[in-house]
Every structure is written in C-alpha cells, then in structure tokens.
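Observations on chain architecture
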Amino acid sequence: MKTLLFTLLIMTGNAFSAQVIGIADGDTLTVLENNKPLKIRLANIDAPEKRQAWGDRSKQSLSQLCFGKDAQYVTQTIDRYKRTVAVVTCDGVQVNRAQVERGLAWTYTRYSRDSSLPAIEAKARDSKIGLWADNEPVPPWEFRRKK
C-alpha cells in the first residue's frame with residue numbers, strides 16, 4: 001500500500017517541501033524528509049563530477065542556492081541508485097535551471113523532460129559562462145565513461 005501511494009504521488013507530480021541538509025555535488029542534494037535523509041538527484045541536468053574540472057564550483061553553486069534552506073521538489077522518478085529524481089526550487093529559484101544558466105551543468109539530453117534547457121545551455125555556452133569558459137569542457141557522462 002505504501003509503495004502504491006508513493007507511486008501515485010510520483011505520477012501526479014505532487015510537490016514536497018523539506019530542509020536541505022547536505023550537498024553531495026552540483027546535481028545531488030539531501031533533504032530531511034520526515035526526520036530521515038532523502039537524497040535527491042536534480043532532474044534534467046548533469047553536473048561535473050567532484051574530481052572533474054568545475055566540479056567544486058558546481059557544488060558550491062548548488063550549496064549557495066539551497067544549503068540550509070527549505071526546498072520544494074516535484075519528483076519525476078526514482079533512479080537505479082534509489083535516489084529521488086526531481087525538479088527542485090529553493091528561495092523561488094528553480095535550481096536545476098539555475099545550474100545550467102550559471103554554466104555549471106549540462107542539459108542531460110538523454111533523460112531531460114525540460115525542453116527549455118538546451119536554449120539556456122546554448123546561451124551560457126555562447127557567453128562562455130562557467131565551464132563554457134574552457135576550450136573543450138568534457139561532459140560528465142564522458143568523464144565517467146573514461147574512468
């Protein structure tokens with residue numbers, strides 16, 4: 001019954017609110033939901049890995065946007081690592097989009113449901129914002145594949 005209810009909540013796209021208690025990297029944060037930590041992977045984007053160029057700056061950006069704040073999130077799915085994949089808003093800022101605008105994440109075209117992100121990414125790239133200041137930034141999915 002609990003699984004069915006959770007599945008229905010995901011399908012209806014209900015929004016939840018919880019305090020952000022941790023930032024793992026530029027596209028993963030932890031909230032305190034019902035006194036338990038819940039790891040959330042930001043939907044539609046892929047940020048540089050920790051050991052990758054711009055990884056620390058991407059994490060710092062997400063921390064500045066959300067750490068210690070209340071986050072509202074709308075779940076899209078649960079990934080293979082059992083993380084909630086969601087669109088997250090902190091202080092009225094949709095942080096998935098903000099990370100791309102700041103040039104600190106790519107649109108994860110393989111999984112993205114947000115058709116506005118490619119244009120936002122292109123604008124950051126054309127303006128050489130963030131990681132786009134590098135001559136040849138390596139997308140995180142390629143970085144992970146090389147490891």
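We now turn to the structure provided with this report. None of these values were measured; they are calculated from a predicted model. (Residues numbered from 1 in each chain as written. Predicted model: local features only at pLDDT ≥ 70, side-chain atom pairs only at ≥ 80, totals over all residues. Heavy atoms only, no water.)

Examining the packing of aromatic side chains
On inspection of all chains with the given rule, the structure shows 5 aromatic pairs. Residues Trp106 and Trp132 carry aromatic rings whose centres are separated by 5.5 Å and whose planes lie at 65° to one another, so their mutual orientation is edge-to-face. Placement of the pair is Trp106 in strand E8 (residues 106-107) and Trp132 in the loop between helix H4 (117-126) and helix H5 (140-146), with a sequence separation of 26 residues. The exposure class of Trp132 is buried, given its relative accessible area of 9%. Relative to Trp141, the ring of Trp106 has its centre 6.3 Å away and its plane inclined at 75°; by these criteria the two rings are edge-to-face. A residue pair is termed long-range when its members are at least 10 positions apart, and Trp106 in strand E8 and Trp141 in helix H5 qualify at 35 residues. When its relative accessible area of 5% is taken as the criterion, Trp106 is described as buried. When its relative accessible area of 27% is taken as the criterion, Trp141 is described as partly exposed. Among the aromatic side chains, those forming a connected cluster through ring pairs are Trp106, Tyr108, Tyr111, Trp132 and Trp141. Of note, Arg125 hangs over the ring of Trp132, and the distance from its end group to the ring centre comes to 5.1 Å. (Phe/Tyr/Trp six-rings, centres within 6.5 Å; stacked < 30°, edge-to-face > 60°. Helix = DSSP H or I, 4+ residues; strand = E, 2+ residues; numbered from the N terminus. Buried < 20%, exposed > 50% of the residue type's maximum accessible area, 1.4 Å probe, protein only. Lys NZ or Arg CZ within 6 Å of the ring centre and 35° of its normal.)

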